[in-house]
Amino acid sequence: MNNICYHCGKSCLKQESFDDKIFCCNGCKNVYQIINTYNLKKFYELNNNPGIIPNNKNYYFDFLDKNDIIEKFLSFDDENISIIKFVIPSIHCSSCIWLLENLPQINSSIIHSIVNFSQREIFLYIKKPYTLSKIANLLTQLGYKPLFNNNNEYKNKDLLIYRKLLYKIAIAFFCFGNIMLLTFPEYLSHNDDSWFLTHKYYFHYIIIILSLPSIFFSAIDYLKSAFLSIKKRNININVPITLGILILFFRSIYEIIYNIGSGYLDSLTGFIFFLLLGKFFQQKTYQVIYFDRDYKYYYPISVTRINNNGIEENILISNIKIGDKIIIRNEEIIPSDTILIDGSAMIDNSFITGESRLISKQIGDKIYAGGKQKGESIILKVIKEVNQSYLNCLWTKKSYKKKILMYNIINIWSRYFTIIIIVISLITGVYWFFLDKSKIYSTICSVLIVACPCALAISYPFTLGNIMRIFAKQGIFVKDIYTIERISKITTLVFDKTGTITETDKTKIFFVGKKLTEDEIIYIISLLKNSKHPLSQMLYKHLYIPGKKYYSIKHFEEIPGKGLKALINGIIIKIGSINYINPSKSKKTEKKTKVFVSIGSKILGYFLFSNKYRKGIQEIFNQLIKNNYEIHILSGDNNSEQSYINSLLPKSKIYFFQSPESKLNYIINLQKKGKQVMMLGDGINDIGALKQSEVGIAIFENSNNFYPSCDVLIDGKNITKINYILKLSKFGIRIILLSFLISIIYNLIGLSFAIYGYLTPIIVAILMPISSISVIIFTTLSTYIISYFINKKK
């Protein structure tokens, strides 16, 4: 009879039954009942017996209902919802993530939940009013007890695991070394020494005793992992290793007890020592190379800070300090928890909560990171350091799922690899049974251990993760590794014009009309400083007068693709296209890029923009076309520069007067034709198109141009690296395929030597981690080398 707990997979000494299933305890049964009641059975379909035994200890979380305690766990709070962050160390598999992200089905107070697996964090979006102690009790009841002491316990646990590994290595070395000393006389063939022949059995029994700590302490993690894996019917890599250890151990015991031979305990303990030593170096290699450890590479976008002299300066958000005063313009994301100290804040928290309702904030109100200002610029005082992992969590939350075919293939292949190796080991045993029975056990053990699917499984994340790191060092910031796989499949690129392929800092601006007075300029600047549109920013920098005090504004409004207006000192100021300023004077075509200005009912004239295209853009377009990419340009501007752009892109499709909606529809139509589209844009006019495309790239240039819908952020000066991005992403996929081939060749060579008895378990123990480390080093070095040569070839 199956006595495995349906929930956690542990043996059921004292069984509880429900719904034709057995459980090891009442706690597991209760969790199953909760999951079953809320129709969340997929939890058990993703993995076998994935649950955790809930702790029967009674916990009292009443302290969590005090406001000062709640504040410590708050990531966001408004009148309707709060976002609470908990650290939950027991999150361990895809079933855990799925169940925790479906908590809203169990508790109606929870609107949404996001799991950050690498940090073992969960962000709970909770509807007000709520009782935090009840939420904590629910998590604990399901087996996911949160930590409440600022992660110290979690970090200490990691340190403890690291120390335990060192202890196990030391014990394994002690056992191996002493067994080798005791085995030494037999190596010297002292079989004619009467004293040795009389006492060698004592040596053998001492060797057995010395092997026990090595197997049941040093190697216990492999045994436990394999045991649990088999119980959960999910064969992992530790199963063949454990089979090899147990076969050698019990065969050795049998030979010694029945005086058939001296066994293999010297080889076995040596194997365990080198296995652990390899694990140690493997972990160290991971720590050094793993891309996810350094979040400082992310969010290099800048924010405007007012320094101690009252001068505005752009700084990276990673350099924001508590107490800094920052300026947030219309449509900019607030990077840190702050307090409003000047201006009229209308905050859109849709990036955080998904609801686009605007919330008005008063002077002194707290504004949380992730909110977006809608309206005039505001001044905020920073009260909490930037939490980039929180922002990253919000960013990835917005990711819409795309096909990631290669990743799924790797997972399926790795799953069956271990089973294939076990079958090969059995065939090897049969082969040596008829050829030389003395080699059966060592060859079976060598076959079980020499083949390792780890190299297959790690090549994908390490290759693409390292490419993410290389990109980040060059001002190119990719949301996740799956985005790189999507980049490798791109066939069509769609560019916005202004601010994307043109340089905002080098555009020449002329005013056409009666010379503006200083007061009129101040009126214009007072309005422009609230917008982050590229034309507004260019004009703002062109007109900026240091040391001047600008007017406060009311009823700020910015209409994408048209212009902006506000009420200043009781006068309406409008800046934008002629169609926006005065529709009766608009023309179907314009020969220049013009931004008109009106103060009150009087049109003062217009600013004429002579765009400066980015250096090298024509060469980049030529390279892209040469590499068979389709290029399209969609511009919200007039067609004044059409002839020049046609000269840059004679084989491309160029469309002017494009509204945000028409850009979005254009991307959809391309996708209907089977195109894999990459959209590059820099303004709020491009948000829909960025989101719709397979890969949306937002261009930032000395401003906070962070769009939640984008997949990649690029510093404007690096737009010419687009060909490099496409090439390196494609090479990344080829490197993964090549590392698969290398790994398969390595495994085939290792298996052939093991099958024919040319490898001992000790040699295999040394080779096994080397295979994983070699794949990591290969993928890391090859991505760096290819990146270097692609850059050099430009």
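Just so it is clear, the structure is predicted and the values come from calculations on it, not from any experiment.

> Could you give me a rundown of the pattern of salt bridges, with the residues and numbers involved?
Considering all chains together, one arrives at 12 salt bridges under this definition. Here Lys663 makes a salt bridge to Asp496, at a shortest N to O gap of 3.1 Å. On the criterion of sequence distance, the pair formed by Lys663 in helix H22 (residues 660–672) and Asp496 in strand E17 (residues 492–496) is long-range, its members being 167 residues apart. Using a relative accessible area of 6% as the deciding quantity, one classes Asp496 as buried.

> Describe the side chain of Thr443, and please don't skip the residues or the numbers.
Within the fold, Thr443 resides in helix H14 (residues 440–450). With near-sequence residues (within four places) excluded, Thr443 lies in contact with Thr428, Trp432, Ala754, Ile755 and Gly757.

> I'd like a description of the environment of Ile341, backed by residues and values.
By the element assignment, Ile341 lies in strand E10 (residues 338–342). For Ile341 and Ile363, which are 22 residues apart along the polypeptide, the C-alpha to C-alpha distance reads 5.3 Å. Beyond its immediate stretch of four places on either side in the chain, Ile341 contacts Lys325, Ile363, Ile379, Leu380 and Lys381.

> How would you explain the sheet that holds strand E14 (residues 372–373) if you had to name every residue and give the values?
Strand order in this open sheet of three strands is E12-E11-E14, and the pairing throughout is antiparallel. Pairing within the sheet leaves two strands with one partner each, and these edge strands are strand E12 (358–361) and E14.

> Report on the pairing of strand E9 (residues 325–328), specifying residues and quantitative values.
Inspection of the sheet shows strand E7 (residues 302–306) paired to E9 by three bridges, in the antiparallel sense. The partner of Ile306 across the bridge, within E9, is Lys325. Bridging between E9 and strand E15 (residues 378–382) involves four bridges; their strand directions are antiparallel. Within the sheet, the bridge partner assigned to Ile327 lies in E15 and is Ile379.

> So, a nonpolar patch on the surface: which residues are in play, and what are the values?
Taken together, the side chains of Tyr431, Leu435, Leu738, Leu741, Ile742, Ile745, Ile749, Phe753, Tyr756 and Tyr758 make up a nonpolar region of the molecular surface, amounting to roughly 1000 Å² of accessible area. Elements represented by at least two residues in the nonpolar patch include exactly helix H13 (405–435) and helix H24 (722–755). The greatest single-element share of the nonpolar patch, amounting to six residues, is contributed by H24. For Ile742, the position within the fold is in helix H24. Assessed through its relative accessible area of 36%, Ile742 is described here as partly exposed.

> Explain helix H9 (residues 238–257) to me, using residue names and the numbers behind them.
Taking 1.5 Å as the rise per residue, H9 with 20 residues should run 28 Å; its terminal C-alpha atoms sit 28 Å apart, in good agreement. Just beyond H9, the residue with positive phi is Asn259, at close to 55 degrees.

> So what's going on with the packing of H9 against H14? Which residues, and what values?
Following both chains from N to C, one finds H9 and H14 inclined at 165 degrees, their axes separated by 8 Å at the closest point. Taken together, the axes of H9 and H14 are roughly antiparallel relative to one another. Crossing geometry of H9 relative to H14 is assigned as left-handed. Contacts between H9 and H14 involve Pro240, Ile241, Leu243, Gly244, Ile247, Leu248 and Arg251 from the former and Tyr441, Ser442, Ile444, Cys445, Leu448 and Ile449 from the latter. By residue class, the composition of the contact of H9 with H14 is 10 nonpolar, two polar and one charged.

Procedures and definitions
One numbering rule holds for all chains: residues counted from 1, following each sequence as written. Thresholds applied to this predicted model are a pLDDT of at least 70 for local features of residues and 80 or more for the giving and counting of side-chain atom pairs; totals over whole chains, interfaces and linings are not thresholded and use all residues. The side-chain quantities take in all heavy atoms of the structure and omit both hydrogens and water. One side-chain nitrogen of Lys or Arg within 4 Å of one carboxyl oxygen of Asp or Glu is enough to make a salt bridge. Helix and strand assignments follow DSSP, with helices taken as H or I runs no shorter than four residues and strands as E runs no shorter than two, numbered in order from the N terminus. For each residue, the accessible area found with a 1.4 Å probe, counting protein chains only, is set against the maximum for its type, and the residue is called buried under 20%, exposed over 50%, and partly exposed in between. Contacts between residues were defined by any pair of non-hydrogen atoms, one from each residue, lying within 4.5 Å. DSSP bridges decide pairing: two strands pair if at least two such bridges lie between them. Each patch is built from salt-bridge-free residues with over 30% relative accessible area, joining like charges within 9 Å and nonpolar side chains (Val, Leu, Ile, Met, Phe, Trp, Tyr) within 5 Å. Areas reported as accessible are Shrake-Rupley estimates using a 1.4 Å probe. Residue values count occlusion only from the protein chains shown. Expected helix span is given by 1.5 Å per residue-to-residue step, counting one fewer step than there are residues. For every element, the axis is a line fit to its C-alpha atoms; helices are fit only across the contacting stretch, and the angle between N-to-C directions ranges from 0 to 180 degrees. In this scheme, roughly parallel covers angles under 35 degrees and roughly antiparallel covers those over 145, while 65 to 115 is roughly perpendicular and the rest are oblique. Two helices that cross are described as forming a left-handed crossing if the nearer one is turned anticlockwise from the farther one by less than a right angle, and a right-handed crossing if clockwise. When residues are sorted by character, Ala, Val, Leu, Ile, Met, Phe, Trp, Tyr, Cys and Pro go into the nonpolar class, Asp, Glu, Lys and Arg into the charged class, and all the rest, Gly among them, into the polar class.

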